[in-house]
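Commentary on secondary and tertiary structure
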Amino acid sequence: MPGWLPRAMALALALYACFQLGSWAFYQLIGLLTNVLIAFFLALAIEPAVGRMAGRGMRRGLATFLVFLGLMIFSLGFVVLLGSMLAGQIVDMVDEFPKYIDSVINWVNQTFHTELSRVEVQDSLLHSDWLQKYVQNSATGVLDVSTTVLGGLFRLLTIFLFSFYFAADGPRLRRALCSVLPPARQTEVLRAWEIAVDKTGGYIYSRGLMALVSGAAHYVLLVILGVPYAPALAVWVGLVSQFIPTIGTYLAGALPMLIAFTVDPWYALWVLGFVVIYQQFENYVLQPKLTAKTVDIHPAVAFGSVIAGTALLGAVGALVAIPAVATLQAFLGAYVKRYDVTDDPRVHGGSSRAPGRPLPSRIRRLVKGPRAAGRGGTEGTEGTEGTEGTEGTEGTPDGPPPQR
């Protein structure tokens, strides 16, 4: 056996063991890494406000604390307001639920000529097997729900702590990162960091503004139609439609359509039509104006990035996909060399072929063609001096007779 073979086998086994250990550690820490990624993007989103306050002489840690305190107060106030509104409206919905069932049953009876009654429907639902199984599973899953809630609170606390550290120690983190890189790479890293801050903050700002516009528009529609719970439904549509990009509008419109259907089935069609029309208005009019200077990316690229982010990281990937792609696009645009585009018709959607003759002239040319051929081709060249076929015969209309 060669002397190097045992050492090579030991090295290969050691590398394989290290790879397995790294894979195991990565899968064990995937939750923590996801929380760190969310915290990093949250820190980038609040970086402009923290930097502006720190530029006025305030300590960076205190500025970060004040920004987070404002965000927490706003979030808690929004949740409490929305929760109280939803709680009151849910109570009203439960009280009026028999009326909704009666209206639906009456519509079904009039449309399909059936003879359903609310008592029979309620009895069939209360004595159904799936409802009893659902109640039993819900009773046994109370502990699982409590564990999930506690896990969610701990995850939220972890995200806030990491994002606070990233925002408060942002300059120190950048110095530590640049200290291990050569000067040329340091400039690129700092530029990428600045682009990421601008794009992430602009994304949050533009989405919040579009959520406000979307909620207001749908609130007006629901009030005009007389659909109940219009404020809560408008808030739902505004948040879901903007923070779940591209398809969020259709997902958010499902709940207002369901509530509108209980009032009048035709109202559900009105809501669906408004959702579709507003989506087109948002995609082609509102969104390009609001995101022209923040996250100006093509809708197809945004849709593909959301799908890729969801496949990689789930809901978290769907949220951070667009600012990440916008940052990458801006970074590449700053360093990729571009050239002037040639003035070619194909660039503007035209054709490279020369424009054809008009149809009447082509018809006259086809009609005169056989006549010109019968007269020796002289009729087709009349009045075209210097053209091909008459060159050398100008001024000699009649040539010498052919010799036999």
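Residues numbered from 1 in each chain as written. Predicted model: local features only at pLDDT ≥ 70, side-chain atom pairs only at ≥ 80, totals over all residues. Heavy atoms only, no water.

1. Some points on helix α2 (residues 30-55)
An α-helix turns once every 3.6 residues. As a result, residues three or four positions apart point the same way. Spanning 26 residues, α2 covers 36 Å between terminal C-alpha atoms, matching the ideal 38 Å at 1.5 Å per step. The largest bend in α2 comes to about 45 degrees, at E47, with the proline P48 one to four residues further on. Burial in α2 covers these residues: T34, N35, A39, F41, A43, L44, I46, E47 and V50. A positive backbone phi angle near 105 degrees is found at G57, which sits one or two residues after α2. (Helix = DSSP H or I, 4+ residues; strand = E, 2+ residues; numbered from the N terminus. Expected span 1.5 Å × (residues − 1). Bend = angle between axes of the 7 residues up to and from the residue. Buried < 20%, exposed > 50% of the residue type's maximum accessible area, 1.4 Å probe, protein only.)

2. What to know about the environment of P171
For P171, the location among the structural elements is in helix α8 (residues 170-178). Taking C-alpha positions, P171 is 9.7 Å from R60, a pair spaced 111 residues apart along the chain.

3. Section: the packing of helix α12 (residues 254-263) against helix α13 (residues 265-290)
Helix-helix packing is described using two parameters, namely the angle between the two axes and the distance between the axes. Contact pair α12 / α13: the axes reach a minimum separation of 5 Å and the direction vectors enclose 150 degrees. Here α12 is positioned roughly antiparallel relative to α13, judged by the angle of their axes. Remark: the crossing between α12 and α13 carries right-handed chirality. Counting all contacts with α12, which are made through P256, M257, A260, F261 and V263, the residues of α13 involved are P265, Y267, A268, V271 and L272. Split by residue class, the contact of α12 with α13 holds 10 nonpolar, no polar and no charged. (Axes fitted to C-alpha atoms, helices over the stretch in contact; angles between N-to-C directions. Parallel < 35°, antiparallel > 145°, perpendicular 65-115°, else oblique. Left-handed = near helix turned anticlockwise from the far one by under 90°. Contact = heavy atoms within 4.5 Å. Nonpolar A, V, L, I, M, F, W, Y, C, P; charged D, E, K, R; others polar.)

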